[in-house]
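Take a look at the letters that make up each chain.
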Amino acid sequence: NDDDLIKLAQFDQIFVNDQIKIDPDSLITISFIDNSILTLEGDSEFFVEKFDNLSEEPECIIAIIKGKFSFESGTISKKDKGMMKIKLSEMEVVLKGTLVTDNNSDEGKKISLVKDSMGNVGELDITVDGQTTTISEEAAGLNLSGDNEIESTTLSEEEKKKLYKKEENEL
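None of these values were measured; they are calculated from a predicted model.

Student: Just to check I follow, could you spell out the pattern of salt bridges for this structure?
Tutor: A side chain with one charge can pair with a side chain of the opposite charge if their charged atoms come near. A complete count under the given rule lists seven salt bridges for this structure. A salt bridge links Asp102 to Lys68, with the shortest nitrogen-to-oxygen separation between them at 3.9 Å. Separated by 34 residues along the polypeptide, Asp102 in strand β8 (residues 99-105) and Lys68 in strand β5 (residues 59-72) bring together distant segments of the chain. The exposure class assigned to Lys68 is partly exposed, which follows from its relative accessible area of 35%. Between Asp125 and Lys96 there is a salt bridge; the shortest N-O distance is 2.8 Å. Residue Asp125 is located in strand β10 (residues 123-128), and its partner Lys96 is located in strand β7 (residues 91-96); the two are separated by 29 residues in the primary sequence. On the accessibility criterion, Asp125 (16% relative accessible area) is buried.

Student: What's the story with unusual backbone geometry in this structure? I'm lost.
Tutor: Across residues other than glycine, the phi torsion is negative in most instances, and most of the peptide bonds are trans. The phi torsion at Asp102 lies on the positive side, around 135 degrees, for a residue other than glycine. A relative accessible area of 7% places Asp102 in the buried class. Phi at Ala139 takes a positive value of approximately 80 degrees, unusual for a residue other than glycine. By the element assignment, Ala139 lies in the loop between β11 (131-135) and β12 (140-145). Using a relative accessible area of 2% as the deciding quantity, one classes Ala139 as buried.

Student: In this structure, what is going on with the packing of aromatic side chains? I would like to understand it.
Tutor: What characterises a pair of aromatic rings is the spacing of the ring centres plus the angle enclosed by the ring planes. For the coordinates displayed, the defined rule picks out two aromatic pairs. Aromatic pair Phe32 and Phe51: ring centres 5.9 Å apart, planes at 20 degrees, arrangement stacked. With Phe32 in the loop between β2 (27-31) and β3 (37-41) and Phe51 in strand β4 (residues 45-52), this pair connects stretches of sequence that are 19 residues apart. Judged by relative accessible area, Phe51 falls into the partly exposed class, the value being 22%. Relative to Phe71, the ring of Phe32 lies with its centre 6.3 Å away and its plane at 70 degrees, an arrangement referred to as edge-to-face.

Student: What is the right way to look at the side chain of Thr98 in this model?
Tutor: By the element assignment, Thr98 lies in the loop between β7 and β8. The exposure class assigned to Thr98 is buried, which follows from its relative accessible area of 0%. Here Val114 takes part through its backbone oxygen, which lies 3.5 Å from a polar atom of the side chain of Thr98. Looking at Thr98, its side chain comes within polar contact range of the main-chain nitrogen of Gly122, at 3.1 Å. Sequence-distant contacts of Thr98, defined by excluding residues within four places in its chain, comprise Phe71, Glu72, Ser73, Leu113, Val114, Asp116, Val121, Gly122, Glu123 and Leu124.

Reading the values: rules and limits
- Residues numbered from 1 in each chain as written.
- Predicted model: local features only at pLDDT ≥ 70, side-chain atom pairs only at ≥ 80, totals over all residues.
- Heavy atoms only, no water.
- Salt bridge = Lys/Arg side-chain N within 4 Å of Asp/Glu carboxyl O.
- Helix = DSSP H or I, 4+ residues; strand = E, 2+ residues; numbered from the N terminus.
- Buried < 20%, exposed > 50% of the residue type's maximum accessible area, 1.4 Å probe, protein only.
- Phe/Tyr/Trp six-rings, centres within 6.5 Å; stacked < 30°, edge-to-face > 60°.
- Polar contact = N/O pair within 3.5 Å; in protein donor to acceptor, adjacent residues only side chain to side chain.
- Contact = heavy atoms within 4.5 Å.

Functional significance is not addressed by these values, which are geometric in nature.
Structure below.
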């Protein structure tokens, strides 16, 4: 409800089911207590559906309603029984110790696997319409068009350089 909007300040806490909207000319970085980092560019929306880093089977589920993003998974996804998931409308992505990037828009959903800040490449399990694709190669990804057509993608060298330069500047 737009009448209930609260402007967040630096270091404010967010909680499960708080819907976060980012102004068009903004950039936001969210640091989670398991050391996961979510960065969203302007005109984005997301909420944390579930976050439990204390149980034997820790779990984090983030729904990115729209926007361009990058997400580096923290300790939850690196635990044997941990589960880190990003939902992009019709696409669900389970991360296994890695960094993902790209966007969720009306034109389509796109996700790519890239090296994390430690230089490691993890793995993604991407599920669309009940079919799961596993990606474990750096710069590989999937594109889901507006009419739900799935296409494999690979980041160009220029896209990788731009992304890694941007990530270095944020750290």
